[in-house]
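# Topology and contacts: notes
Residues per chain are reported as follows:
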Amino acid sequence: MSTFYAIGLMSGTSLDGLDICYSKFIKDNSNWTFDILKCETIAYSSAWEDDLKNAIHFSSEKLLQLNSDYGFFLGEKTQEFISKNNIKNLDLISSHGHTVFHQPKNKFTLQIGDGRAIKIKTNKTVVYDFRSQDVLLGGNGAPLVPIGDELLFSEYDACLNLGGFSNISLKRDGKRIAFDICPVNIILNDFALKLGKKYDENGNLARSGIIDYELLNELNQLNFYQEKAPKSLGIEWINAQVLPLIKNEKSEDLLATFTENSAVQIAKILEEFDIKNVLITGGGAYNSYLIEKIKAKTKTEIQIPAREIIEYKEALIFAFMGVLRSLNLNNVLSSTTGSLKDHSSGLVIN
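Anyway, here's the lowdown on the structure attached to this text. (Residues numbered from 1 in each chain as written. Predicted model: local features only at pLDDT ≥ 70, side-chain atom pairs only at ≥ 80, totals over all residues. Heavy atoms only, no water.)

### A word on the environment of Tyr-312
Inspection of the secondary structure puts Tyr-312 in helix 13 (residues 307–326). For Tyr-312, a relative accessible area of 3% gives the class buried. Between the C-alpha atoms of Tyr-312 and Ala-285, which are 27 residues apart in sequence, the distance is 12 Å. Look past the residues within four positions of Tyr-312 in its chain and what remains in contact with it is Asp-19, Ile-20, Cys-21, Cys-39, Glu-40, Thr-41 and Arg-307. (Helix = DSSP H or I, 4+ residues; strand = E, 2+ residues; numbered from the N terminus. Buried < 20%, exposed > 50% of the residue type's maximum accessible area, 1.4 Å probe, protein only. Contact = heavy atoms within 4.5 Å.)

### Focus on helix 2 (residues 60–84)
Along an α-helix, a turn takes 3.6 residues, which lines up residues three or four apart on a common side. With 25 residues, helix 2 should cover 36 Å at 1.5 Å per step; its first-to-last C-alpha distance of 36 Å lies within 8% of that length. Taken together, the buried positions of helix 2 are occupied by Leu-63, Leu-66, Asn-67, Tyr-70, Gly-71, Phe-73, Leu-74, Gly-75, Thr-78, Phe-81 and Ile-82. Where helix 2 ends, the next residue or the one after it, Asn-86, has phi of about 50°, a positive value. (Expected span 1.5 Å × (residues − 1).)

### Things to note about the nonpolar core
Counting 46 residues, the largest nonpolar core has Ile-168 and Phe-258 as its most contacted members. The biggest single contributor to this core is helix 11 (residues 251–272), with 7 residues. When neighbours within four sequence positions are excluded, Phe-258 is seen to be in contact with Ile-187, Leu-188, Phe-191, Leu-215, Leu-219, Val-242 and Ile-246. One finds Ile-147, Leu-152, Leu-279 and Leu-324 within the second-largest nonpolar core, a separate group that totals 31 residues. (Core = buried A, V, L, I, M, F, W, Y, C linked by side-chain atoms within 4.5 Å.)

Here you go:
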């Protein structure tokens, strides 16, 4: 039996903040178990939020500067977390970074936050840049979390994350498959912001809106929804395919329409794969209106776990991926990303 302690850092496309998760992992033969020991979300200042949101439009020089600055930010916040919680046992820090570009068809993806800067601030082993190798191997570089679903959450038929985008992982014919389904908070938060809210709490704003069925039909006809897995989404797809469909409409009505679109697409997948029970995590798990909509469209049993799992499952799994990488064990599954082979991904700074 072997025990590992790791911190996972996760920043999602919905810009909710930096998730920090300190966990213990125990390996007993081929079986893994985990325990979340401490976790925290650090909200971004408006300046960081603006920079991360607009990084896709930055010049090369400004983006390189942001990559460095954000790495030091991650290192500083992680060191503060370590000191505050008096953490003594720590084998490594595993950082997802923040996605700016994701174009796997063009063989590149970029998650900023230089791991070397994290190392400088913490003096701990750092594992980062988990996606690039998979993209170079012909994969989508996403989703990566299914390795954790496979080894840490195998009691569920499927795991569904409702973050900036929704993604699902499940077992089919003895293999784990996974893919992005549709945008969720990356769109909903934007419309909520226009109404002076950071997000649509409990889906109440969407509940007060009127669904635009013409727009809903156009959304449901988007090519991505007809494609087979593996497949993944990025902000570029939203800018090119989704935003041009939006006319001058009330934000409440857009929230209602996009919430319905998400529920339709998610329920369609749950039914198509005959999922008996699904674990739902991510910020969208708190959107009771969206959950109601999904429940109404599917026979699948919906499982909403404890807060730590809802909010920190991705950070937990990136910590786990760092542990697997440190052992040179595969932490990316080709069956979920479409790459040439399973592999052990991530740059290690000792």
